[in-house]
Amino acid sequence: MNKFAIWAQLEAKPGKEREVEEFLKSAQAACGEGTGHNCWYAVKIGPAKFGIFDTFADEQGRDAHLNGRDR
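Residues numbered from 1 in each chain as written. Predicted model: local features only at pLDDT ≥ 70, side-chain atom pairs only at ≥ 80, totals over all residues. Heavy atoms only, no water.

Moving on, we get to the overall build of the chain. The number of helices and strands found in the chain is two helices and three strands. Starting at the N terminus, the α and β elements of the chain follow one another as β-α-β-β-α. For the chain, with 71 residues in total, the buried portion stands at 27%. Taking as baseline every contact in the chain between residues at least 6 positions apart, the subset at least 24 positions apart corresponds to 62%. With the model as given, the accessible surface of the chain reaches about 4900 Å², and the carbon-plus-sulfur share is 54%. (Helix = DSSP H or I, 4+ residues; strand = E, 2+ residues; numbered from the N terminus. Buried < 20%, exposed > 50% of the residue type's maximum accessible area, 1.4 Å probe, protein only. Contact = heavy atoms within 4.5 Å. Areas by Shrake-Rupley, 256 points an atom, 1.4 Å probe, with all protein chains shown as cover.)

Dropping the structure here:
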């Protein structure tokens, strides 16, 4: 059961929208590789706006992800 999450919004610089979208698509392959990292979603909110939603089983998993220690 996931009890913790992160929501991040990104806005691409003008002319970089496609690059951000492609980066998010490629990052999907790494989803779930970290310990405590359960689900990862990326959404396109508008022409240049994107969102990332990560879920974690516990606070330690979320903190490890935020501090780069979950790989």
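As a further point, take the nonpolar core. The biggest cluster of nonpolar side chains holds six residues, and these are Ala12, Leu24, Trp40, Ala48, Phe50 and Ile52. Residues in contact with Ala12, not counting those within four places in the same chain, are Glu17, Val20, Ala48 and Phe50. (Core = buried A, V, L, I, M, F, W, Y, C linked by side-chain atoms within 4.5 Å.)

Scanning the model with the defined rule gives seven salt bridges in all. A salt bridge links Lys16 to Glu19; the nearest nitrogen and oxygen atoms lie 3.5 Å apart. In this structure, Asp63 engages Arg62 in a salt bridge whose closest nitrogen and oxygen atoms are separated by 3.5 Å. Each of the salt bridges in this network shares a partner with another, and the network as a whole consists of Arg18, Glu21, Glu22, Lys25 and Lys44. (Salt bridge = Lys/Arg side-chain N within 4 Å of Asp/Glu carboxyl O.)

Here we come to a nonpolar patch on the surface. A cluster of nonpolar side chains, contributed by Trp7, Tyr41, Val43, Ile45 and Phe53, occupies part of the molecular surface with about 480 Å² of accessible area. When you line up the elements, Trp7 lands in strand E1 (residues 4-11). Classification of Trp7 by relative accessible area gives partly exposed; the value is 46%. (Patch = residues over 30% accessible without salt bridge, like charges linked within 9 Å, V, L, I, M, F, W, Y side chains within 5 Å.)

All right, on to helix H2 (residues 59-66) then. Within the span of H2, buried status applies to Gly61, Arg62 and Ala64. Down the axis of H2, the sector holding all buried residues measures 160°, keeping them to one side. Among the exposed residues of H2, those oriented more than 90 degrees off its buried face are Gln60 and Leu66. Packed against the buried residues of H2 are E1 and strand E3 (49-56). Capping of H2 at its N-terminal end is provided by Asp58; its side-chain oxygen lies 3.3 Å from the backbone amide nitrogen of Gln60. (Arc of directions from axis to C-beta. Polar contact = N/O pair within 3.5 Å; in protein donor to acceptor, adjacent residues only side chain to side chain.)

Attention shifts here to the side chain of Thr55. You can see Thr55 is positioned in strand E3. The buried category is assigned to Thr55, whose relative accessible area is 8%. At a separation of 3.2 Å, a polar atom in the side chain of Thr55 contacts the side chain of Asn2.

Tracing the backbone through its elements, the reader meets Leu24 in helix H1 (residues 17-27). Once residues within four sequence positions are removed from consideration, Leu24 is found in contact with Leu10, Trp40, Ala42, Phe50 and Ile52.

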